[in-house]
Amino acid sequence: LGTGAHPDNSTSDYSAGYLSALAGVPRLLKLFTRLGIAEKLTWCIPGHSLETFPSQAKAIIASGAEIALHGYAHESASQLTADQERDVLQHCISLIENATGKRPRGYRAPLYQLSERTIALLQEHDFLWDSSLSHYDSTPYYLPKDPAPIEPIDFSADVEAASWMNPSPDFASLPKSSLVEIPANWYAEDMTPL
């Protein structure tokens, strides 16, 4: 869907999503139940998956797991306008509230592409945590209150290199929000390094 918006994608690529829901969810729930950890887990689920696979979503919710937001169609924040990103977040909050009876507390950005705008939206909607970044390896930390956008580098031939050779802000000294970052180790993910 969002990440598969590429001319080379085929039906077999999207088949992986069906496999995940139809075979993967039941297998994982069975494993987690057998290990006695089903109610101690968090599932970060795209809104599209909640709507497309309602019985699997109900089974995950019935397991006692926490449900966190993960976009709607696994779209990157960079693909969206500010209004679209707000609409997606609010729609997905409603989906989870309607399915679970409670407001989601956590978020993982699709593709781990969390923007400064996303951080502001999560604070505005009183999220407690995010798990998309990795500043301090596996140690949780607070996200900046108002992170400055990363300015793109202009590598045009007529631009002096000195115009973009500047250090980034000292992260430790930035004013912090109440939004806790639970670091994501994306090298442990199955697909990202591939």
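No experiment lies behind these values; they were computed from the predicted model shown.

## Some words on the pairing of strand 1 (residues 42-45)
Here is step 1 of the chain: Burial along strand 1 is one-sided: the face carrying Trp 43 and Ile 45 is buried and the face carrying Thr 42 and Cys 44 is not.
Here is step 2 of the chain: With four bridges joining them, strand 1 and strand 2 (residues 66-69) adopt parallel strand pairing. The residue bridging Trp 43 from the neighbouring strand is Ile 67, located in strand 2.

## Comments concerning empty space enclosed by the protein
In this approach the atoms are scanned with a rolling probe the size of a water molecule, which exposes any empty space left behind.
Here is step 1 of the chain: By the definition in use, this model includes one cavity of 30 Å³ or more.
Here is step 2 of the chain: One number sums up the size of the largest cavity: a volume of about 130 Å³.
Here is step 3 of the chain: Around the largest cavity, the lining is made up of 16 residues, and of these Glu 75, Leu 80, Glu 85, Val 88 and Tyr 107 lie nearest the centre.
Here is step 4 of the chain: A total of four residues in the lining of the largest cavity trace back to one element, the largest contributor, which is helix 4 (residues 82-100).
Here is step 5 of the chain: For the lining of the largest cavity, a count of residues per class yields ten nonpolar, four polar and two charged.

## Brief notes about the nonpolar core
Here is step 1 of the chain: Of all hydrophobic cores here, the largest spans 29 residues; its most connected members are Trp 43, Ile 60, Leu 69, Leu 89, Tyr 107, Leu 114 and Phe 127.
Here is step 2 of the chain: Sorting the residues of this core by element identifies helix 1 (11-35), strand 1, helix 3 (54-62), strand 2, helix 4, helix 5 (116-124) and strand 5 (141-144) as the ones contributing at least two each.
Here is step 3 of the chain: At five residues, helix 4 tops the list of elements feeding residues into this core.
Here is step 4 of the chain: Those residues in contact with Tyr 107 that lie beyond four places of it in its chain are Ala 68, Leu 69, Gly 71, Leu 89, Leu 114, Thr 118, Leu 122, Phe 127, Trp 129, Asp 130, Ser 131 and Ser 132.

## Some words on the layout of surface pockets
Here is step 1 of the chain: In this model, the second largest pocket occupies a volume close to 670 Å³.
Here is step 2 of the chain: As for the second largest pocket, its lining consists of 23 residues, and the residues nearest its centre are Ala 148, Pro 149, Ile 150, Ser 168 and Pro 169.
Here is step 3 of the chain: Where the lining of the second largest pocket is concerned, the elements lending two or more residues are helix 5 and strand 5.
Here is step 4 of the chain: Its residues placed into classes, the lining of the second largest pocket shows 16 nonpolar, five polar and two charged.

## Things to note about the packing of helix 1 against helix 3
Here is step 1 of the chain: It is the contact of helix 1 with helix 3, at a shortest axis distance of 10 Å, that shows an interaxial angle of 15°. Taken together, the axis directions place helix 1 and helix 3 in an arrangement best described as roughly parallel. The handedness of the crossing between helix 1 and helix 3 is left-handed. Together, Ala 21, Leu 22, Val 25 and Leu 29 of helix 1 and Gln 56, Ala 59 and Ile 60 of helix 3 make up the contact between the two elements.

Rules behind the numbers
Residues numbered from 1 in each chain as written. Predicted model: local features only at pLDDT ≥ 70, side-chain atom pairs only at ≥ 80, totals over all residues. Heavy atoms only, no water. Buried < 20%, exposed > 50% of the residue type's maximum accessible area, 1.4 Å probe, protein only. Helix = DSSP H or I, 4+ residues; strand = E, 2+ residues; numbered from the N terminus. Pairing = 2+ DSSP bridges. 1 Å grid on protein atoms, 1.4 Å probe; cavity = no way out; pocket = protein on both sides within 12 Å on 5 of 7 lines; lining within 4 Å. Points joined across faces, edges and corners; volume = space filled by probe spheres on them. Nonpolar A, V, L, I, M, F, W, Y, C, P; charged D, E, K, R; others polar. Core = buried A, V, L, I, M, F, W, Y, C linked by side-chain atoms within 4.5 Å. Contact = heavy atoms within 4.5 Å. Axes fitted to C-alpha atoms, helices over the stretch in contact; angles between N-to-C directions. Parallel < 35°, antiparallel > 145°, perpendicular 65-115°, else oblique. Left-handed = near helix turned anticlockwise from the far one by under 90°.

None of this, on its own, says anything about what the molecule does.
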